[in-house]
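Remarks on the overall topology
Residue-level listing of the chains:
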Amino acid sequence: MKDSAEILCIGTEILLGNIVNTNSREISCGLAELGVGVYRHTVVGDNPERLAQELKTALGRSDIVITSGGLGPTDDDLTKEVCCEVMGFELREDEDTAELIRSYFKSKGGNMPENNLKQAMLPVGGTVFENNHGTAPGAALEKNGKCVIILPGPPGELAPMFNESVRGFLKKYSDGAIVSHTVNIIGMGESS
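Residue indices begin from 1 for each chain and proceed along its sequence in written order. Given that this is a predicted model, residues contribute local features only at a pLDDT of at least 70 and side-chain atom pairs are listed and counted only at 80 or more, while totals for whole chains, interfaces and linings are drawn from all residues. Side-chain metrics in this entry use all non-hydrogen atoms of the structure; hydrogen atoms and water are not considered.

Quick look at the packing of aromatic side chains
Each aromatic pair joins two rings of Phe, Tyr and Trp (for Trp, the six-membered one) with centres within 6.5 Å, and gets the label stacked for planes under 30 degrees apart, edge-to-face for over 60, and tilted for any other angle. Counted under the stated rule, the structure contains three aromatic pairs. Ring centres of Y104 and F105 lie 5.9 Å apart, and the angle between their planes is 85 degrees; this geometry places the pair in the edge-to-face category. Each residue is placed in one exposure class: buried if its accessible area under a 1.4 Å probe, protein chains only, is under 20% of its type's maximum, exposed if it is over 50%, and partly exposed if it falls in between. Accessibility expressed as a relative area gives 28% for Y104, which makes it partly exposed. On the basis of relative accessibility, which here comes to 17%, the residue F105 falls in the buried class. Between the aromatic rings of F129 and F169, the centroid separation amounts to 5.6 Å while the plane-to-plane angle is 75 degrees, which identifies the pairing as edge-to-face. Taken as a pair, F129 in strand β6 (residues 127–129) and F169 in helix α6 (residues 155–170) lie far apart in primary sequence, 40 residues in all. One exposure class covers both F129 and F169, and it is buried. Taken together, the ring pairs in this structure connect F129, F169 and Y173 into an aromatic cluster. Any Lys NZ or Arg CZ that is within 6 Å of a ring centre and within 35 degrees of that ring's normal is treated as a charge sitting over the ring. In this structure, K143 packs its charged tip against the face of F89, placed 5.3 Å from the ring centre. Secondary structure follows DSSP: runs of H or I at least 4 residues long count as helices, runs of E at least 2 residues long count as strands, and numbering of each begins at the N terminus.

In structure tokens, the structure reads:
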């Protein structure tokens, strides 16, 4: 196993128990198939200072940190901004992405709130992952032997983005696969 990873999920709604964090499982399974060991799962609320601290701590322990959540259009969606600040990447509006977001709303028959254009702010020099199931693109930030991958929080957006784009991107960090087996035993308690 060449590289280690941590998963950092962002969202106060997870900490409050309002939603179940299925993203960590999805990402962990995908990383195991790629041969990347997951050392830790962490959840942090929508707080930029705590997010920055958790990200710095995770980068101190692991080569790869994958985040989920906090890429929406609201004021408390700050994952991309915090990750870019910690990794030293500049954000700039990408007109092609802005047009994709406008088209997404048009295809749904609704008016796009202007704050959705916040999602078109992308890291200069990062790898961008298109979101074919929503409006928030993902990204990979690589610097000094570390990689932060930023994914959207909704499972219906995260899972396809991981499978369609992130898997292929992460192959360079892999030198095998992690295989595990479950053995079911009937009639014997765990302590035995």
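Some details on the nonpolar core
For our purposes a nonpolar core is just a set of buried Ala, Val, Leu, Ile, Met, Phe, Trp, Tyr and Cys residues, chained together by side-chain atoms within 4.5 Å. I66, I149, L151 and L170 are the most contacted members of the largest nonpolar core, which has 22 residues in total. Ignoring sequence-local partners within four residues, the contact set of L151 consists of I27, I66, T67, S68, G69, L71, L158, M161, F162 and V166. The contact criterion used throughout is that any non-hydrogen atoms of two residues lie within 4.5 Å.

Here we look at the pairing of strand β7 (residues 138–143)
Here three bridges tie β6 to β7, and the two strands are oriented antiparallel to one another. Each residue of the ladder has a partner; that of F129, found in β7, is G138. Pairing between two strands is assigned when DSSP locates at least 2 bridges connecting them. Pairing geometry for β7 and strand β8 (residues 146–151), over five bridges, is antiparallel. From the neighbouring strand, E142 faces β8, where its bridge partner is C147. The hairpin turn running from β7 into β8, its antiparallel successor, is two residues long, and N144 in that turn takes a positive phi close to 50 degrees.

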